[in-house]
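Here are the chains, one letter per residue:
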Amino acid sequence: MTARYNRLSTLIDRNFGRIAAAPAIAVLLAVSLFPLIYTIVVSFQNLTMLDSDTSFQGFMHYRAALFDTRLWAALGHTTLILVIALPLEIILGYVLARLFLEQLPGRQVFVALLVLPTVLSPIVAGATWRLMFDVRFGPVGQIVSWLVGEPVTMLWTVNPTLVYPAILICEVWQWTPFMFLLLLAALSNVDQGQLEAAELDGASGWRVFSKIILPAIRPVLVIAILIRGLDIFRIFDVIWVLTEGGPGTMTETLSIFTYQIGFVQFDTSYTAAISIMVVLALTIALTWALRRVEALK
Amino acid sequence: MITRRELIGTASLFALAPRFAFAQGANAAATAVEAAKKYAGTEISIVWEAGLQSLDPLNFSGPKWEELTGIKVNVVEVPTDQMFTKIMQDYRSGAAAYDALNVIPSWMPDLVKAGAMEPLDAFVDQYGYRDELQDIAAAYRDNQMKVDEKIYGFPDDGDVMLLYYRKDIFEDPAMQEEFKAKHGYDLAPPTDWTQFAQIGQFITDKMAPTTYGAGFFRSAPYNHYMFQERFRMEGGKFFDAGSMACTVNSEVGQKVFEMMLAENKFMPPGVEQWNFVDNLANFLQGLTAMTISWPPYGRWAAGYGSGEEALNWVPKTQVAGKVGYALTPLGRPELGVGFALGVSSTSKNKEAAYLFIQWLNSKETSLQRVMLPYTLRDPFRTSHYESAEYRALWPDAPAYLDTIKTSGEKGLLDLSLLQQDKYDTAMVQAITNLWATGDAKASIDALAAEFDAITQKVGVDKQKEIYSAWAAKPGAYPA
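Residues numbered from 1 in each chain as written. Chains lettered and ligands numbered in written order. Predicted model: local features only at pLDDT ≥ 70, side-chain atom pairs only at ≥ 80, totals over all residues.

In terms of helices and strands, chain A carries 13 helices and two strands. Based on the C-alpha atoms only, the size of chain A along its principal axes is roughly 90 × 60 × 30 Å. Burial statistics for chain A: of 297 residues in total, 27% are counted as buried. Taking the intrachain contacts of chain A between residues at least 6 apart in sequence as the baseline, contacts between residues at least 24 apart amount to 69%. (Helix = DSSP H or I, 4+ residues; strand = E, 2+ residues; numbered from the N terminus. Buried ≥ 20, exposed ≤ 12 C-beta atoms within 10 Å, placed from the backbone. Contact = placed C-beta atoms within 7 Å.)

Below, the discussion takes up the overall build of chain B. Helix and strand counts for chain B stand at 22 helices and 10 strands. Relative to the 2.2 N^0.38 estimate, which gives 23 Å for 479 residues, the radius of gyration of chain B is 23 Å and therefore close to what a compact globule would have. Its C-alpha atoms put chain B at 70 × 60 × 55 Å along the principal axes. Considering only contacts in chain B between residues 6 or more positions apart, those separated by 24 or more positions represent 76%. (Rg over C-alpha atoms; globule rule 2.2 N^0.38 Å.)

This part covers the domain arrangement of chain A. All names here are of chain A. If you check the domain split of chain A, you get domain 1 (2-43) and domain 2 (65-296). Relative to domain 2, the C-alpha centre of domain 1 lies at a distance of 40 Å. The interface is formed by four residues belonging to domain 1 together with six residues belonging to domain 2. When the residues that make up the side of domain 1 that touches domain 2 are grouped by side-chain class, the tally is two nonpolar, two polar and no charged. (Domains from an automatic or database assignment. Nonpolar A, V, L, I, M, F, W, Y, C, P; charged D, E, K, R; others polar.)

Let us look at the interface of chain A and chain B. Taken together, the contact between chain A and chain B spans 20 residues of the former and 20 residues of the latter. Of the residues in the side of chain A that touches chain B, the class split is 11 nonpolar, seven polar and two charged.

With that out of the way, let us pick up the sheet that holds strand β7 (residues 162-166) of chain B. Residue and element names in this part refer to chain B. Read across the sheet, three strands follow the order β8-β7-β9 without closing on themselves; strand pairing throughout is antiparallel. Both outer strands of the open sheet, β8 (290-293) and β9 (323-326), are each paired with one neighbouring strand and no more. Looking at each pair of strands side by side, their axes are set apart by 25° on average, direction ignored. Pairing between β7 and β9: four bridges, direction antiparallel. Bridging from a neighbouring strand, Leu-163 pairs with Ala-326 of β9. (Pairing = 2+ DSSP bridges. Axes fitted to C-alpha atoms, helices over the stretch in contact; angles between N-to-C directions.)

Mapped onto the fold, Tyr-91 of chain B is located in helix α3 (residues 80-93). Taking C-alpha positions, Tyr-91 of chain B is 8.0 Å from Ser-344 of chain B, a pair spaced 253 residues apart along the chain.

Residues and elements named next belong to chain A. Here Ala-22 shows up in helix α2 (residues 16-43). Taking the number of C-beta atoms within 10 Å as the measure of exposure, Ala-22 has 11 and is therefore exposed. The sequence separation of Ala-22 and Ala-166 amounts to 144 residues, and the corresponding C-alpha distance is 49 Å.

Moving on to the packing of helix α8 (residues 160-188) of chain A against helix α10 (residues 205-233) of chain A. Residue and element names in this part refer to chain A. Close contact between α8 and α10 brings their axes to 9 Å; oriented N to C, the two are set at 165°. What the angle tells us is that α8 and α10 run roughly antiparallel. Of the two possible hands of crossing, α8 and α10 adopt the one that is right-handed. The residues of α10 that touch α8, namely those facing Trp-175, Phe-178, Met-179, Leu-182, Leu-183, Ala-185, Ala-186 and Leu-187, are Ile-217, Val-220, Leu-221, Ala-224 and Arg-228. Here the residues of the contact of α8 with α10 sort into 12 nonpolar, no polar and one charged. (Parallel < 35°, antiparallel > 145°, perpendicular 65-115°, else oblique. Left-handed = near helix turned anticlockwise from the far one by under 90°.)

Attention now moves to the confidence of the model for chain B. Residue and element names in this part refer to chain B. Looking at chain B as a whole, the pLDDT averages 92, with 95% of positions reaching at least 70. In the predicted structure, residues 1-25 sits below a pLDDT of 50 and forms five contacts with residues beyond four places in sequence or in another chain. In the model output, the complex is listed with pTM 0.83 alongside ipTM 0.76. (pLDDT = per-residue confidence, 0-100.)

This part takes up the confidence of the model for chain A. Mean pLDDT over chain A stands at 91; residues scoring 70 or higher make up 99%. For chain A, per-element mean pLDDT is lowest for strand β2 (residues 52-53) of chain A, which scores 83, and highest for helix α4 (residues 69-99) of chain A, which scores 96.

Here we take up the nonpolar core. The nonpolar side chains of a soluble globular protein tend to be buried with one another. Residues and elements named next belong to chain B. By size, the foremost hydrophobic cluster in this structure holds 118 residues, and its most contacted members are Tyr-164, Ala-301 and Leu-447. Considering every element that reaches this core, the biggest residue donor is helix α20 (residues 420-437), with nine residues. Ignoring sequence-local partners within four residues, the contact set of Ala-301 consists of Tyr-164, Phe-283, Leu-284, Thr-317, Val-319, Ala-320 and Val-323. (Core = buried A, V, L, I, M, F, W, Y, C linked by C-beta atoms within 7 Å.)

Right, let's get into unusual backbone geometry. Residue Pro-247 of chain A is reached from Gly-246 of chain A by a cis peptide bond, and omega for that bond is 0°. Here Pro-247 of chain A shows up in the loop between α11 (237-242) and α12 (254-264). The peptide bond linking Ala-220 of chain B to Pro-221 of chain B adopts the cis configuration, its omega dihedral lying at 5°. By the secondary structure assignment, Pro-221 of chain B is in the loop between α10 (193-207) and α11 (224-233). For Phe-266 of chain A, which is not a glycine, the phi torsion comes out positive at approximately 60°. Tracing the backbone through its elements, the reader meets Phe-266 of chain A in the loop between α12 and α13 (268-296).

Okay, the pairing of strand β3 (residues 100-103) of chain B next. Residue and element names in this part refer to chain B. Residue alternation in β3 divides its side chains into two sets, Ala-100 and Asn-102 and Leu-101 and Val-103, and both sets are buried. One ladder, built from four bridges, connects β3 with strand β10 (residues 340-343); its direction is antiparallel. Along β10, the bridge assignment pairs Leu-101 with Gly-342.

So, on to helix α15 (residues 350-361) of chain B. End to end, α15 of chain B covers 16 Å across 12 residues, agreeing with the expected 16 Å (1.5 Å per residue, within 8%). Across the 12 residues that make up α15 of chain B, a large majority, 10, are buried. (Expected span 1.5 Å × (residues − 1).)

And the structure:
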């Protein structure tokens, strides 16, 4: 009996870590792995609003997705916003952070004010900018008219040449402060001694930036890029409020497209297939990016 | 030969007939109340369009029903464009969160095929409601109540598009004289779209920027109703009945798109972005001389309910007493949306839910509801149109009710197919694309391609059957 107890006790001691973590792992599996597996299963069936066909359909929906021009267009729109908004947020955030590195009077107050857009809900930000862009009552049009010296009708959410600038202005306005905050923290930790030495040696601004500042802030910058990159990739709220993906489907992003077909049109299995493809693509891209970060270290 | 006794008996019956009718009319509401008392202490949930529409069950009918029966009504407010989704989600998840439903009639085939709605015939017979249903205007009763010959919803909102115009401008002698000299006919509500464009341009030329010829809601989600009406009235057909190939990109479709695009030029700048409220606000403030919209515009333009706190968001009308009502150009207006009351198939309290909607929809209760100044329910029963009480609400109310009645009688049905919301979305996108690109042909071709893709996905044969049944209805296409 004692020997048996001792064996059990030893077994528990040896595996205590695993046993202690088991409940947490079970919860994680239930809330993340199960939905993933279920989504994969559904993607091989044919669940729509009218049919609940659970028979195996092979890669039917994956094939359909590959030839779905609207899906590819949505991916293109998402990428367009990503490649413009993200660099703009980084550059503007960096410039602001450099400005606020100096101990200016009232610095704390200005920092707090600058961060305000980031704490707003994206829905509120979108609604606010929709009002700002309103053709009759919005201040943006009125300011432009005043600058030009004659009434200007700018249909920000209708005109194809203005609709992306409208989205980008809203997106960059809201999330530049996030970049600013992270970069301000990172810049505060740059070795002042190295900067002063470089200055004494007469190093150019670019050389100081590329050889001292960038390596120092790189870990924070990479994380900031990853967070914002993923955020922009799933951008929904702001565009939904501003344009609902229109005019036509000109500003339909992946998230809006997925929402439309999944929760408006109820093409459940097709939506599942697209979701799996997006998750796979993001996982590959993220893994590659993280490896690159590791290599840079 | 008739005897004296028979004569007196027959005369008595005739004399009492109105009272019997009244008693029968009152019965549907009273019957529902009496039968529902056994559920006192329970609660039912009803899905209702968010915003003004839901003030009816929140402020009036819900509390009244609770007072009469002891059944509490929980109103679940949902934006119009999400109602279908929410109802389907509730049904699919089996959550049974809703007992009674407000559904847009063109979505009923989808909801019924999916199994989300309960057939009501047995309840209708059990609670003697069939006779009162006959009082509902034919356009709604014959088209928005049944799917496959079974009753699934009670038409409960007399939605139809009306043309509103500024009488003071149209009746101005100087304007009339100049217009006639220019165009050779009298300045009057337009009877076709060419006249509409000429009148609109004329008023804009004379009065802009104070007043423009016309303004419409041109943005999502309602802009497609006007396209549906105009396309059919100009002779267009949505599909080839034999092959189910989409035919919206015919010459007619392209012409309608081109006309719509051209009209924007005499409308206020930015009209492409106007929604229901923008259009309302601008008409009430006198910025536009003509508009087409649902019946509430007429009530609010007349200032009816202007003292209501719930209507504080509606700009104070500057055009009270100056607004005329007419049929839309070409005379067959789109019925446009509408609402029907139904019962969820997953409800755990179907009978109580049914009794509530019978009471709501009854002659007696519905008249009170359509006269509530702050809600958007429009007259939909013959007895509403003829109600002396309603006709006395403002000076032009008789003309208003008569126009609604005629418009309803001539109304064109919304396209109603399986997965109709997809076709609606495609039309909305095509129209916003039209505003953005200015290319009528490309936009209408893209719409046709999208229609075909949807039909293929739903199944050509299945959809053909539904379309044939829809197209055979008197209000589907003009005769």
